[in-house]
Structure formats: structure tokens, C-alpha cells
Amino acid sequence: MRLTLTVALCLAAVTPLYSFQTPVPNPGAIHGRVLQSKSGEPVKKAVVILRRAQEPDLGTSASDTGEFQFDNLTPGAYTITAERSGFILDPVSEKTVVDVQSGPAQTEASLKMLRTGAVSGRVLDSDGDPLAEANIQVVSISQKKGAPASYAPTNDRGEYRAFNIPPGKYRIAASYQSHTRDRQVRMLRPKSQPADTPDEIDAVTWYPSLLDPKLAQIITINDGADLQGLDIRMLRARGVTVRGTVLSAAGAPSGGIVMVSLSPLGQMTGVQVHDQVVQDATGNFELPYVLPGSYALTAAAPLIDQRMTAHRVIQVGNTDVSGIQLTLGTPQTLRGVLVPPDGRKLPAGLIVVLVSRETRVNAGGAIGQPAADGAFQLHDAAPGDYDIALANTGPADDLFVSDIRAGDEDALTTGLHVGGPALGTLKIVLKANGATVQASAKTSEGKPLPDATIKLVPEPPRRTQMALYADCKTDAGGACTMLGIAPGAYRAFAFAGETQLDFRDPAATKDIDDSGKLITVAESDRKSVELTPQPDDN
């Protein structure tokens, strides 16, 4: 079983209509219009994009009347979308499928678009004064779309305006980091302030003036809405201090110059990155004004060896965190071999991927392409714990991973630790006659769902074994096939688009885990599964 690997560049994804096209025998054509959903007015200059299987996308611009035309098309099923600044596709048009027939008759298509909206207001500090250079983030209430829909800074009057926001329901967050914090200035306590008063900083504040995002007021943005007067008054909260020591590989204080960074994990909206340059022989670091949350703590020694790094995940609460130790390690090159069944060659386009076992941390991994004899190298793997996965840039086949060994260790089950003694040659054993799973995705109305992402996730206790995962993207008919599935139990999920969920993290998937369809396969099995996409609020 293998994961897909996207290798095309986004900027090269759309082929302009006016570029050279090879003549097609018995071609077909598409004619259509792009219109506003409410008014029916044309959306001129919209970029209309045509997609078919794995072929390059084809694009053209809508005219002043919203009309577009595609000629010289190979007959078959296509998906068609449109993009335009200030607009977003109406959900009824998001997965439009057209079936192009050969001959002079044109296939008709109609796309509907909604206007995006805007929100504006002021940000005030805790005393009610306008706050310049604060940051506004408009965040969808949908976890799956949890990335901010729009950012906006405040001007010298504390005013902001965030725009180009798709219709939907949102919360608004304001954050502020003073320049004294940027320069790590330790502010003296005013004489009027009691000595035991805790240090406070401007915390991420949710509209209208709340610290808990779950209690924040939900704003509904309709087609073309321009909501004004959404003022936010900042609140202050206690920031704690994170202290620790950076050690060398030998266990002694690192000395020299070391860069220490504390970065928020997940969707901690508005929380700032904390950095410090450690310049003394003790290797001690101190990061003040840290708000509660989950963070990745990293260290690097650019002047000792620019490749020497250390990292770990820490939880910060309402009290200072002390005694943390980061031990610098030099990245290693891992060597291994893929062993196919007797008489079989390795499939073209196979890639070996090193994946961090620390969920929500995308750091330290490596990729390598095996030679014809199966030998591969994974360069510059940073110290840490990892799993091995396989990805494909070529045709799929029936081979699956049956065993991964690092010396005598079962690396398929327990993973790999980089940073201690040098690992021996990795041995990845492939076996033939993996199962085939044919997946289809349909909307709640029973219509085929193209461009959906299908995930096949091993059931516990194999959930951490990345070599057993598989995925595919549905075609214009809402179907796709996964080959080379290792025997065992899995859950199948469908998502209307891409998903960044890490199924190894129970906290990230607890709301949807039971909704996946359970499927069990044996060698050479052929199974089918029909799925509806996960709702947007997951």
C-alpha cells in the first residue's frame, strides 16, 4: 500500500486555452456561462478551469457576458470550476461534471458564483485606546477549514478591514506583540504595582472581548456582505516563562551561539513564535511571556555545525516551565534496501519517506528514491523518532509492505530512533497479492463527488504504521482505486477536498473516527466501499 505523492508545481497546473493543442479525433466542445448566484449577472474575467483525470488542467477566461468556450476536447467526463477575485464558487457548482460527446453539438455548462464579504472595525487596548499594528484573523468555525480566511493589520487609528472572505460562519481574533517583546526587553515593574503581581501581556482576544474562542460571538457573512463596527477590546493574560538548557551531543552545556525557538502547534490563532539567541557557555535559555498551549521547542547551533539540531514538543500551562533539556544531534544518513518478491521488479516511481512520529510536527523527515537493485538512502534525518512510508509517483501495483527491519528491531511496529548509535541497513520487505479497494464518493443527495480525497486508515493497534496507509482522489465519476493493501482491518474516510488530519493523533480525529466505514481485507481480496464526505464542521 502506498500514499500518493504530488510532484507538479501549482504554477504549471493550468494550460492556457490559447496554447498549442494536439488535434483530437472526433473532438467535442463545451460552451457555458459564469453567473452570480443571486442576481444572475455575468462574472466577467472569471478563470474557468477544466480537469480530466491526471491530464494537465485547461483554462480560459470568461467574456464580458460571462461566456466561455472549450474546443478540441477528447470525449469523456470532465470537472469544471471557476476562480475570480472577490468571488467564490457557489456550493452547487463546486463539483460540476460535464460529459463531453464527440461531434459538432456543444455540451452546455453553467457555473454559479457568490460574492465574498468583508468585516471591519477597530482594535482597542485594555485601557480603551486605539491599538496600531495589531493583527486580525477571521477564522471559520469549521475545524476542517480552520486556517484563517483572511488577515488584516490595524492602522494608526486601530482600524482594520478584512476582505475577500467566502460566505459562511466565522469568529474574529485579534493579537498584538509589542516591539519590546520582539527585542526581548525585560520591562521593569512600576513602583505602584505590587511585587507579587504576575507579568501580563496582550492575549489573543476574540470578538467582542473574550479569551475563550468557544465563547466568541459567531459572525455570519452572506453573499457580498460588508459588516462594519466589529470592535475588539484586547484583554491581558499572564504569560509564563519557559527555561531550559541546550546540551551538546556529549551531554555537556553546548556553549557557543545557539538559536532556540518556541513555535505554536496546531491552530493556535494569533500566538507568536518566541526566539532567543543563547550566547553563554552554560547553554541556558529563558523564553518569557509564553501563553498556555502546545509548542514545538527547537534548537540549532549554526556556528558549531549548522546541521546540529534538537527538538521536542512541550505543553505550557499557567505556571513557569523549567528544567527542559535539548540535546543537539547531527543529522544522519540512513541506508536501506527494498526487497521485492522473487521474480518481481520494483515498480517505477517508488519513493521511501521518513515521517516524524511526533504528530503535528512536520520536521526532520527525509525522502529517497531506490535504485534498480532496491538500495536507497535517506539523507540528513534530524534526531528524532520516525516511521517509514512508501509513496508512488508512477503506476500502482499489488505489492505491499509486509516487514521493515532495522537490524533485529521490528521498525514497522516500533518505528526508528535517529540520534543514538548508528542504525544498520534498513530492510523493507514487499509482498505480492495485496488487496484492491475500489472506493466511490457521493454527496448526501447521492450524486458522484469528483476530486474527493479517500483515506484508508489501519485500525488500532496498527494506526501508527504509516507504511499501511493509502489514499486516492476520485475522478469525474466520483470513483478511485487503491491497490496493494496489506491484509487487516481499516477504516475508510472521504473528504470533499484535501485534508491535513493526522490519524495517528487521537485528539485530532476523535470526532470522526467512528464515522469511517470499517473494512477488512485478506490477500488478493477485491472490496468496494461507498462513502459520503465528512461534514465541514469536522
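Residues numbered from 1 in each chain as written. Predicted model: local features only at pLDDT ≥ 70, side-chain atom pairs only at ≥ 80, totals over all residues. Heavy atoms only, no water.

(A) Summary view of the overall build of the protein. On a plain count of helices and strands, the protein comes out with 4 helices and 44 strands. Across the 538 residues in the protein, those meeting the buried criterion constitute 46%. In the protein, the share of contacts with a sequence separation of at least 24, taken over all contacts with a separation of at least 6, comes to 71%. Carbon and sulfur atoms make up 52% of the accessible area of the protein, which totals about 26,600 Å². (Helix = DSSP H or I, 4+ residues; strand = E, 2+ residues; numbered from the N terminus. Buried < 20%, exposed > 50% of the residue type's maximum accessible area, 1.4 Å probe, protein only. Contact = heavy atoms within 4.5 Å. Areas by Shrake-Rupley, 256 points an atom, 1.4 Å probe, with all protein chains shown as cover.)

(B) Just the sheet that holds strand E28 (residues 321-327), in detail. Strand order in this open sheet of 3 strands is E25-E22-E28, and the pairing throughout is mixed. Of all the strands in the sheet, just strand E25 (284-290) and E28 have a single pairing partner and so form its edges. Mean inter-strand twist for the sheet, computed between neighbouring axes without regard to direction, equals 25°. Strand direction decides the pairing type here: strand E22 (residues 240-247) and E28, joined by 5 bridges, are parallel. Within the sheet, the bridge partner assigned to Val 242 lies in E28 and is Val 321. (Pairing = 2+ DSSP bridges. Axes fitted to C-alpha atoms, helices over the stretch in contact; angles between N-to-C directions.)

(C) Seen up close, the pattern of salt bridges. Tallying each qualifying case throughout the model produces 19 salt bridges. Among the salt bridges present, the one from Glu 286 reaches Arg 243, with a minimum N-O distance of 3.1 Å. Within this pair, whereas Glu 286 is found in strand E25, its partner Arg 243 is found in strand E22, the two being separated by 43 residues in sequence. Arg 491 is the salt-bridge partner of Glu 459, the closest N and O atoms lying 3.1 Å from each other. Of the two residues, Glu 459 is situated in the loop between strand E39 (453-458) and strand E40 (470-473) and Arg 491 in strand E42 (residues 488-495); the sequence distance between them amounts to 32 residues. (Salt bridge = Lys/Arg side-chain N within 4 Å of Asp/Glu carboxyl O.)

(D) Looking closely at the packing of aromatic side chains. Enumeration over the complete set of coordinates arrives at 3 aromatic pairs. Note on Phe 493 and Phe 503: the rings are 4.9 Å apart at their centroids and 40° apart in plane angle, and the pair reads as tilted. Pair noted here: Phe 493 is in strand E42 and Phe 503 is in the loop between E42 and helix H4 (506-509), with a separation of 10 residues, a long-range link. You'll find Phe 493 and Phe 503 in the same group, each marked buried. An aromatic cluster is built from Phe 493, Phe 495 and Phe 503, whose rings are joined through pairwise contacts. (Phe/Tyr/Trp six-rings, centres within 6.5 Å; stacked < 30°, edge-to-face > 60°.)

(E) Structural context of the sheet that holds strand E27 (residues 309-316). Spatial ordering of the open sheet is given by E24-E23-E26-E27, a layout of 4 strands whose pairing is antiparallel. Two strands lie at the open edges of the sheet, namely strand E24 (274-278) and E27, each paired on one side alone. Sheet twist, expressed as the mean angle between neighbouring strand axes with direction ignored, is 15°. Of the pairings in the sheet, the one linking strand E23 (residues 258-264) to E24 comprises 5 bridges and is antiparallel in character.

(F) Representation of the environment of Asp 64. Structurally, Asp 64 can be placed in the loop between strand E5 (57-61) and strand E6 (67-73). For Asp 64, the contacting residues outside a window of four places in its chain are Pro 42 and Lys 44.

(G) Broad picture of the confidence of the model for the protein. Here the protein shows a mean pLDDT of 85. Residues at 70 or above account for 87%. In the model, residues 5-20 has pLDDT below 50 throughout and makes 22 contacts with residues more than four positions away in sequence or in other chains. (pLDDT = per-residue confidence, 0-100.)

(H) Quick peek at the side chain of Ser 120. Turning to its location among the elements, Ser 120 is positioned in strand E11 (residues 117-124). With sequence-adjacent residues up to four places away left out, Ser 120 is seen in contact with Tyr 160, Arg 161, Leu 227, Gln 228, Gly 229 and Leu 230.

(I) Structural view of unusual backbone geometry. The omega torsion across Tyr 207 and Pro 208 is 5°, close enough to zero to call that bond cis. Structurally, Pro 208 is set in the loop between strand E17 (205-206) and strand E18 (219-221). For the peptide bond that leads from Pro 460 to Pro 461, omega is 10°, which places it in the cis range. Note on placement: Pro 461 falls in the loop between E39 and E40. At Asn 164, a residue that is not glycine, the phi angle is positive and equals roughly 60°. As for its placement among the helices and strands, Asn 164 is situated in strand E14 (residues 159-165). When its relative accessible area of 34% is taken as the criterion, Asn 164 is described as partly exposed.

(J) Looking closely at the environment of Thr 116. On the secondary structure map, Thr 116 appears in the loop between strand E10 (107-115) and E11. Given the relative accessible area of 13%, Thr 116 is considered buried. Placed 108 residues apart in sequence, Thr 116 and Gly 224 show a C-alpha to C-alpha distance of 5.2 Å. Contacts of Thr 116, omitting those with residues within four sequence positions, involve Gly 86, Phe 87, Ile 88, Asn 164, Ile 165, Pro 166, Gly 224 and Ala 225. Only 3.1 Å separates the side chain of Thr 116 from the side chain of Asn 164, close enough to count as a polar contact. (Polar contact = N/O pair within 3.5 Å; in protein donor to acceptor, adjacent residues only side chain to side chain.)

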